[in-house]
Amino acid sequence: MDVLQNIRNKYNSFTETERRIADIVLQNPQRILESSISDLTKMTGAKSEAMVTLLAISKPADLVSAISHTGESKGIVEVARKTKQLKIPVVTITGNDKSSLAKLSTVVLRTNTKETKIRTDAMTFRIVQLAILKAIYTIV
């Protein structure tokens, strides 16, 4: 059973917040795949903890990808922690292979870019992330 069907099957047992998240996931799964936890919290008005709760319906046959340049983004680290507890593999793209996120991950893909406070320079990491994700998607 895929994740979307799992969400549909458990929908009635969700809290109001979890249903709001589930509705958005079910309406546009592709957009969700391209969104960060921060984006999802803005879309749903929910806290990142609710995203972690919804993740609990996943199963070990699933895979979670986590992206954080520093590897210390609180929401992403928390999702990885919960994912590891559920024995779901985590593939991480990060610039810091010694980070909290990397330590929780099954596979770490390390990027070699420097993120700065200048927005155009920060885009370098995002371009590298996108290239890695496209390569993985093409292989799978």
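The rules behind these values
Residues numbered from 1 in each chain as written. Predicted model: local features only at pLDDT ≥ 70, side-chain atom pairs only at ≥ 80, totals over all residues. Heavy atoms only, no water. Helix = DSSP H or I, 4+ residues; strand = E, 2+ residues; numbered from the N terminus. Buried < 20%, exposed > 50% of the residue type's maximum accessible area, 1.4 Å probe, protein only. Contact = heavy atoms within 4.5 Å. Areas by Shrake-Rupley, 256 points an atom, 1.4 Å probe, with all protein chains shown as cover. Pairing = 2+ DSSP bridges. Axes fitted to C-alpha atoms, helices over the stretch in contact; angles between N-to-C directions. Core = buried A, V, L, I, M, F, W, Y, C linked by side-chain atoms within 4.5 Å. Expected span 1.5 Å × (residues − 1). Left-handed = near helix turned anticlockwise from the far one by under 90°. Polar contact = N/O pair within 3.5 Å; in protein donor to acceptor, adjacent residues only side chain to side chain. Right-handed = clockwise from strand over helix to strand, strands pointing away. Salt bridge = Lys/Arg side-chain N within 4 Å of Asp/Glu carboxyl O.

Draft legend 1. Representation of the overall build of the protein in the model. Secondary structure summary: the protein contains eight helices and three strands in total. When its helices and strands are written in sequence order, the protein yields α-α-α-α-α-β-α-β-α-β-α. Expressed as a percentage of the 140 residues in the protein, the buried residues total 35%. Within the protein, contacts between residues at least 6 apart in sequence are counted, and of these 51% link residues at least 24 apart. Of the roughly 9,000 Å² that the protein leaves accessible, carbon and sulfur atoms contribute 55%.

Draft legend 2. Representation of the sheet that holds strand S2 (residues 90-94). Ordered by their spatial adjacency, three strands build an open sheet running S1-S2-S3, and the pairing between neighbours is parallel. Of all the strands in the sheet, just strand S1 (64-68) and strand S3 (107-110) have a single pairing partner and so form its edges. Within the sheet, the average angular offset between the axes of one strand and its neighbour, ignoring direction, is 15°. Pairing geometry for S2 and S3, over four bridges, is parallel.

Draft legend 3. Up close: the nonpolar core. Listed in full, the eight residues of the largest apolar core are Ile-7, Phe-14, Ile-21, Ala-22, Ile-24, Val-25, Ile-32 and Leu-40. With four residues, helix H2 (residues 16-27) is the single largest residue contributor to this core. Grouped together as the second largest cluster of nonpolar side chains are seven residues, Ile-76, Val-77, Ala-80 and Leu-104 included.

Draft legend 4. Main features of helix H6 (residues 74-85). Between the first and last C-alpha of H6 there are 17 Å, a value that for twelve residues agrees with the 16 Å anticipated at 1.5 Å per step. Two residues or fewer after H6 comes Lys-87, characterised by a positive phi angle close to 60°.

Draft legend 5. Just the packing of helix H1 (residues 3-10) against H2, in detail. At a minimum axis separation of 10 Å, H1 and H2 run at an interaxial angle of 140°. Of the two elements, H1 crosses H2, and the hand of that crossing is left-handed. Along the contact surface, H1 presents Leu-4, Ile-7 and Arg-8, while H2 presents Ala-22, Val-25 and Leu-26.

Draft legend 6. Geometry of the side chain of Ser-99. Here Ser-99 lies in the loop between S2 and helix H7 (100-104). Since its relative accessible area comes to 1%, Ser-99 is described here as buried. One polar contact links the side chain of Ser-99 to the main-chain carbonyl oxygen of Asn-96, over a distance of 2.9 Å. With residues up to four places along the chain from it excluded, the contact list for Ser-99 reads Thr-70, Gly-71, Glu-72 and Thr-94.

Draft legend 7. The pairing of S2, seen in detail. For S2, a buried count of five out of five residues is recorded, marking the element as mostly surrounded by other parts of the structure. Because side chains alternate across S2, one face comprises the buried residues Val-90, Thr-92 and Thr-94, and the other comprises Val-91 and Ile-93, equally buried. As defined by bridge partners, S1 adjoins S2 across five bridges and the pair is classed as parallel. Residue pairing in the sheet places Ala-66 in a bridge with Thr-92 of S2. After leaving S1, the chain enters H6 and then returns to the sheet as S2, a path that is right-handed.

Draft legend 8. Representation of the pattern of salt bridges. This model, assessed by the stated rule, comprises two salt bridges. Between Arg-81 and Glu-78 there is a salt bridge; the shortest N-O distance is 3.4 Å. Taken as a pair, Arg-81 and Glu-78 lie in helix H6 at a separation of three residues, close to a single helical turn. Taking the relative accessible area as the measure of exposure, Glu-78 reaches 35% and is therefore partly exposed.

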